[in-house]
Amino acid sequence: MTTFEAAFARHLNPRVIYDQLLDHESLTRDELSTLTGLTRVAASASVEHLVGRGLALPVETAHGEGGPAARRYALTPTAGYVIAAQITHGNVTMAAADLTGVLAAKLELPFEDPDDAASMLHRAVLTCLDTAGADIARLRRVVLGSPGVIDPRTGEFAFASLLPTWKHTITAELRSSLDRPVVFENDVNLAAMAEARFGHGQGVRHLVFALLADGLGLGLVINGRLRRGRRGWAGEFGYLPVPMPVPYVEVDGMPNSAHQLASVPAIRVVSEAMGFGSDTAVAVTTALAASARNDATAEAFLDEVARRAALVVSHACLLVDPEVLVLDGPYLAAGGDALLDRICVAVARISPTPVRLALAEVHDEPILRGALQTALEDARETLFAG
Amino acid sequence: MTAVTFDSSGAALARAVFNALLDHATLTRAAIAELTGLSRVTASGIVDQLIHRGFVTHVGALASNTGGPSARAYALSDDSAYVLGIAVDGYRIAIMTASVTGHIVSRHEEPIDDDEAVSPAVERAVTNEFSKLNAPLDKLKYIVIGASGVIDPTAHELAFAVNSPSWKSNLAAQLRRSLRCPVAFENDVNLAALAESRFGAGANVPNADGSRADDMVLVWLDEGIACGVILGGRLYRGAAGWAGEIAFLPAHVDGWADFERGTQSSRTTTLQRAIGSRGVVALAQGHELDPDVLIRHAAATSSGETHDALEAGFTELARRIALAVAGPAFVFDPDLVVLAGRTVRLGGERLLERVRQELAAIGPAPARIALSETGPDAILTGSMLLALVRARDELFEEQAA
């Protein structure tokens, strides 16, 4: 075999077999050959390769009446583990899963002392592994989701809104104390991954996830892969200069920026001024009920919210042109399809792109799910790299 | 994930041999095997196939350095196949012919005065060129036409154009019929970005760590404005060909009427109206300046009044360009943003410097910006490049079948 051909046999074929075993409970060599299009010999060699590395194993099967059944193979669940976490103000949710994606442990911890972050996260990882019954040597990837900008070149925070003291060293500290691969990942990017894999992004090549919350953020999943940008700043579109209503009441943050237009604090200013109170989700719900009774103020408020959201969202439409643009955030979730329809109308006035706008579909811990999925995909990738 | 079998890798192997010869001009069979990682038997078989198909010729012998018999040397044939790059706007058509090996054979340009003239102009140029080359027309393998408008990324046809003269909708079909060759449209700014990435600032302005600027956004500031987006070294068009169409974006500019009914703002327009060439002219007139004087930041007289007007106008010009750059810079965070088009050619380094200052005021971590290094033939070069890539893809797919 040539080096070119040998490279296929060593890396690509086992990967193809592995992916089939991920999708099925167990398979015979014949079934694997049929599913992958590999010859039976090549499929068998790859199965042996996976068994030899402890990644797959023969499983017990009931014998049929007419003689011994063909041996079936499955992935070895205990071959490796990943850990993922969602870190927010005051709270850490952490989970461990085996390489087949089955959840093995989950815990929640208070998180109060930023100066203690590295050792607290270190202890949490060990506790999580212990609960899962996994040895740290089997830990293949740790993905920690947090707000902030993480420089992909160093793995460290360039900008940490949650914990300013994390800057520059937290990743290195954890990598050295655990001696395992650890990455921090921007929380909006992880929610985008969750939406790409389990929500509106299934079967879609390019997805943009737009979070309009206390801050604004975009997550870009292009050709199925997360794009972080050269320095991790991709999607930080709160800074974008946009036309502002005249006059407007400034909230904390850059003046004349998208943040001043469509963040929760900015919408709160509008809501309070129009008499709908300080909770933007409640305000939108109230206004929708009132607009059903033809309340003119409610109509005006909803149109203003939709117009502001549309103005920032249309930037993503015209720059990225995704198939689907997923919106999330407190007032958007509260507004549901009724508000989304108004936003679609307002977007169409600005952008002629044929984008599909949708509300986020993954509601159950999207950041944690995105972190787990990212950790699993990265870990599986490294199994067959090099 | 689909299985990769050895049979279907034949085309990939032939491509690998072709690329090795592209990079090294002249090689022996042994050297080809070594460079591609193929066995000598496999490599030799592929060389024979490529000779048979006319892509490779025997060009002499290389002296052996071990004292043994000299080895036969091979090279790509320049005359095996050709591609055409075309750039067309309302005023002129430019046509570039290149061999499939990437050598530019000719460049032809003529003014066009009406829509009817476009298709005959291309046919005439092709006929002349191929008779000069003494090559049959079936050696023409691919044509890419660069034009303004949104191009459907799968059909390669015009999907949307602000001004759509009839040639745009008919040209590809006519050329396909008369020249019997695949014809694809591509957005002109996308093609300029492709050329910039290969031969311009994208190739010449590396990242701080020395790596290539593989994520690059070209911001085109001319009569129209748009971005060409290169991600991972490849053209990114978006789901429907709309990626980078920033002309439609709302922009905040003093003295403009509402862009949309019902808005509370009285200073909103689109980026196209703010910084397209007409917007720049309007800006200059607003300051009682000649547009070129404004862009060059160079007045003949230096009266205090002119100086103040020039400063104010130039700052506003830079601010509007920074608005156009901010979107792609914050959404993609590319390695490099390249400014191109007539406005930037005139403004040069002085304008670039002022844009940098304005961009720094918009937000943290401003993108690295450079001026285009491709010159006025960027669109034409880009269309030729894309035609080369597509032609090679088709040639080697055909071989696998």
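Presented here is a report on the structure given in the accompanying data block. Since we're looking at a predicted model, the values are computed, not measured. (Residues numbered from 1 in each chain as written. Chains lettered and ligands numbered in written order. Predicted model: local features only at pLDDT ≥ 70, side-chain atom pairs only at ≥ 80, totals over all residues.)

## What about the overall build of chain A?
In step 1: If you tally the helices and strands in chain A, you get twelve helices and 15 strands.
In step 2: Each of the 386 residues in chain A was classed as buried or not, and the buried ones make up 48%. (Helix = DSSP H or I, 4+ residues; strand = E, 2+ residues; numbered from the N terminus. Buried ≥ 20, exposed ≤ 12 C-beta atoms within 10 Å, placed from the backbone.)

## Description of the environment of A:Leu226
Residues and elements named next belong to chain A.
In step 1: If you trace the backbone, leucine 226 turns up in strand S13 (residues 225–227).
In step 2: Assessed through the 21 C-beta atoms surrounding it within 10 Å, leucine 226 is described here as buried.
In step 3: For the pair formed by leucine 226 and valine 208, sequence separation is 18 residues and the distance between their alpha carbons is 9.9 Å.
In step 4: Residue contacts for leucine 226: discarding those within four places in its chain leaves Asn189, Ala192, Met193 and Val221. (Contact = placed C-beta atoms within 7 Å.)

## A few points about the nonpolar core
In step 1: Counting 227 residues, the largest nonpolar core has A:Ile83, A:Ala210, A:Val313, A:Leu325, B:Leu218, B:Val219 and B:Val325 as its most contacted members.
In step 2: A per-element tally of this core places helix H10 (residues 296–320) of chain A first, with 15 residues.
In step 3: Residue contacts for B:Val219: discarding those within four places in its chain leaves B:Cys227, B:Ala324, B:Val325, B:Pro328, B:Val337, B:Leu339 and B:Ala340.
In step 4: Counting residues in each nonpolar core, the second largest holds 18 residues, with B:Ala16, B:Phe18, B:Ala33 and B:Leu76 among its members. (Core = buried A, V, L, I, M, F, W, Y, C linked by C-beta atoms within 7 Å.)

## Focus on unusual backbone geometry
All names here are of chain A.
In step 1: The phi angle at aspartate 179 is positive, at roughly 55°, despite the residue not being glycine.
In step 2: Considering the arrangement of structural elements, one finds aspartate 179 in the loop between helix H5 (170–178) and strand S10 (182–186).
In step 3: A positive phi is found at glutamate 365, a non-glycine position, where the angle reads about 45°.
In step 4: With respect to the element layout, glutamate 365 can be found in the loop between strand S15 (356–359) and helix H12 (366–383).

## Considering the sheet that holds strand S7 (residues 140–147) of chain B
Residues and elements named next belong to chain B.
In step 1: The sheet built from five strands is open, its strands ordered S6-S5-S4-S7-S10 with mixed pairing. One side of each edge strand has no neighbouring strand; the edge strands of this open sheet are strand S6 (104–111) and strand S10 (183–187). Here the strands of the sheet are splayed against their neighbours by 20° on average, with no regard to which way each runs.
In step 2: Sitting on the sheet, helix H4 (residues 118–133) touches strand S4 (82–88), strand S5 (92–99), S6 and S7, and the angle it makes with S5 is about 30°.
In step 3: Against the sheet, helix H6 (residues 188–199) touches S4, S7 and S10, its axis set at about 85° to S10. (Pairing = 2+ DSSP bridges. Axes fitted to C-alpha atoms, helices over the stretch in contact; angles between N-to-C directions.)

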